[in-house]
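# Results of the structural survey
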Amino acid sequence: MPVRSGWLTPTGQTRQNTRITHIGATTPVNPLGVRSGILPGTYDGKYRVGGLWMSSTGPMTATVYHGKAVIQGGNTDGAYPVALDEDITITFADGDPLNDRIDLVVVRVYDNDVDALGKYEAGIEIVKGTPAAVPVAPAAPARSLTLFTVKVKKGASAGTGGIDWAGGASTDLRTTTVSSGGILPVYNNAGVPGAYPGQYQDNDNAHFLQRWDGTAWVAYPKEIGGIAPSGTITTGSYTGQYRDYNGGQLQRWNGSAWVAYQPPVEVETTSSGAVALTNWSLVSFSARKTKGGLCSITVTVTRSGAQVNVDSAGNMPDEPLCTIPAGWRPAMDFEATACDGFGDGGANIYTNGQINLRTWSSSGALVPGRNIRVSATYVL
């Protein structure tokens, strides 16, 4: 028979039986018992569970595909590892003339030492339900693992079209199990209580990792070091936690409320690279720019040449003061303010970095020894 069971028959267990059923999957449910279930995994890694899948192959038949599982008996019976190493076809009885029924498909272990049924073996079985106006699935036998329920409509037979497979007659009830300490991939068993605080399960339906805290499954704080997806949390767990709010705004938990996150501004500063032009000496230069390209500068020069007098209208020839370094120059010619404490005027900062004083206070003068400060903020 293709269903093998390790450590079941009184004699005759082969090395192959031992190898193929040795799976080490014992998710505990108490100090003695373990959780019955199917070992997860598929050939391509795309799905959680591939073992012991069932699909229709005829009006009243279906195929159960190979896979491995663990079936827990009573606490003192131990757990039975089983493996179906080749696909098997099962046949359902015809439907009742008057009412629908629900059958169970199970993998079942017989152990005469416990059940006194006269045999030591494992197999895939159909547990026939009771026809009724509102049918319910029968109870699963002891030492069995339910795989699927199948609704058999009244009058169903090979000659009448059989089971309504396309209409969703079968329901997948397989559950998963993993080794102790492993993270359980939830599959039809999200609500099963944990066995010890610190046990973990990956709840794919809720899309997060959960930890058993002794009384309930609690979402593991995946947001530590990351950003909680929109809609997953309403109250922060710690100051400095982040979440995506309404799919567009980044928010930070400040200890009592979520506030819109303002990222720190990355800045660069310099105080070198400015060069005074003829008749002027450089006193100081400072500049600061952000990563986004906003730049603020202040440059101070002192008059070293002859005095320049300004007429009553404030007009004067453009007076070149200095140049500022590349990387700190505006993207377009920019008008700045200039002042020496006695008068003020306008200066033009050109894209080549040169700063020219263009206007000054009416009837004022550019006096030797006075410092003129030019300040501006612009986009690079």
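Check the entry above for the structure.
Because the structure is predicted, anything quoted here is derived from the model rather than measured.

Rules behind the numbers
- Residues numbered from 1 in each chain as written.
- Predicted model: local features only at pLDDT ≥ 70, side-chain atom pairs only at ≥ 80, totals over all residues.
- Heavy atoms only, no water.
- 1 Å grid on protein atoms, 1.4 Å probe; cavity = no way out; pocket = protein on both sides within 12 Å on 5 of 7 lines; lining within 4 Å.
- Points joined across faces, edges and corners; volume = space filled by probe spheres on them.
- Nonpolar A, V, L, I, M, F, W, Y, C, P; charged D, E, K, R; others polar.
- Pairing = 2+ DSSP bridges.
- Helix = DSSP H or I, 4+ residues; strand = E, 2+ residues; numbered from the N terminus.
- Salt bridge = Lys/Arg side-chain N within 4 Å of Asp/Glu carboxyl O.
- Buried < 20%, exposed > 50% of the residue type's maximum accessible area, 1.4 Å probe, protein only.
- Core = buried A, V, L, I, M, F, W, Y, C linked by side-chain atoms within 4.5 Å.
- Contact = heavy atoms within 4.5 Å.
- Phe/Tyr/Trp six-rings, centres within 6.5 Å; stacked < 30°, edge-to-face > 60°.

### Regarding the layout of surface pockets
Sizing a probe to match a water molecule and rolling it over the atoms shows the empty space that remains. Estimates place the volume of the largest pocket at around 290 Å³. Together, 13 residues line the largest pocket, and Gly41, Thr42, Tyr43, Gly50 and Gly51 are the ones closest to its centre. Looking at the lining of the largest pocket residue by residue, the class counts come to 6 nonpolar, 6 polar and 1 charged.

### What about empty space enclosed by the protein?
With the rule as written, the count across this model stands at 1 cavity of 30 Å³ or more. A volume near 40 Å³ is recorded for the largest cavity. The wall of the largest cavity is formed by Thr27, Pro28, Val178, Ser179, Ser180, Gly181, Gly182, Leu184, Tyr196, Gln199 and Tyr200. In terms of residue class, the lining of the largest cavity is made up of 5 nonpolar, 6 polar and no charged.

### Quick look at the sheet that holds strand β14 (residues 208–212)
Strand order in this open sheet of 4 strands is β12-β13-β14-β15, and the pairing throughout is mixed. The outermost strands of the open sheet, each flanked by one partner alone, are β12 (184–185) and β15 (217–219). In this sheet, β14 lies alongside strand β13 (residues 200–203) in antiparallel orientation, the contact comprising 4 bridges. Looking across to β14, one finds that Tyr200 is bridged to Arg211.

### Details of the sheet that holds strand β19 (residues 258–260)
Sheet architecture is open: 4 strands sit in the order β16-β17-β18-β19, paired in mixed fashion. The open sheet has two edge strands with one neighbour each: β16 (227–228) and β19. Strand direction decides the pairing type here: strand β17 (residues 242–245) and strand β18 (residues 249–253), joined by 4 bridges, are antiparallel. When the sheet's bridge partners are listed, Arg243 is paired in β18 with Gln251.

### Description of the pattern of salt bridges
This model, assessed by the stated rule, comprises 12 salt bridges. The partner of Arg174 in a salt bridge is Asp172, with the nearest N and O atoms 2.9 Å apart. Side by side, Arg174 and Asp172 carry an identical accessibility label, which is buried. In this structure, Glu268 engages Lys289 in a salt bridge whose closest nitrogen and oxygen atoms are separated by 3.9 Å. Here Glu268, found in strand β20 (residues 267–270), pairs with Lys289, found in strand β22 (residues 280–290); they are 21 residues apart in sequence, far enough to count as distant.

### Here we look at the nonpolar core
Residues Met54, Val64, Phe92, Val105, Ile124 and Leu147 are the most contacted members of the largest nonpolar core, which totals 31 residues. Mapped onto this core, the elements with two or more residues apiece are β4 (61–64), β5 (67–72), β6 (79–84), β7 (88–91), β8 (101–111), β9 (120–127) and β10 (144–152). With 5 residues, the top contributor of residues to this core is β10. In this structure, Met54 is in contact with Ala62, Thr63, Val64, Tyr65, Ile90, Val105, Phe148, Val150, Trp165 and Ser170, ignoring residues within four places of it in sequence. If you look at the next biggest cluster of nonpolar residues, it comprises 27 residues, including Val301, Val308, Ile355 and Tyr378.

### Some words on the packing of aromatic side chains
Enumeration according to the criterion identifies 6 aromatic pairs in this entry. Centre to centre, the rings of Trp53 and Phe148 are 5.4 Å apart; their planes meet at 75°, and the pair counts as edge-to-face. Of this pair, Trp53 sits in the loop between β2 (37–38) and β3 (54–58) while Phe148 sits in strand β10; the two residues are 95 residues apart in sequence, bridging distant segments of the chain. For Phe148, a relative accessible area of 2% corresponds to the buried category. Considering the side-chain rings of Phe334 and Tyr378, the 5.4 Å spacing of their centres and the 55° angle between planes classify their relative orientation as tilted. Placement of Phe334 in strand β26 (residues 334–339) and of Tyr378 in strand β30 (residues 371–379) is noted, with a sequence separation of 44 residues between them. Using a relative accessible area of 3% as the deciding quantity, one classes Tyr378 as buried.

### Regarding the pairing of strand β23 (residues 294–303)
With 7 of 10 residues buried, β23 lies mostly within the body of the structure. Where β22 and β23 come together, 9 bridges link them in antiparallel fashion. Across the sheet, Ser284 pairs through a bridge with Thr300, a residue of β23. Joining the antiparallel neighbours β22 and β23 is a turn of 3 residues, in which Gly293 adopts a positive phi near 105°. Note that β23 and β30 share 9 bridges and pair antiparallel. Paired with Val299 across the bridge in β30 is Val374.

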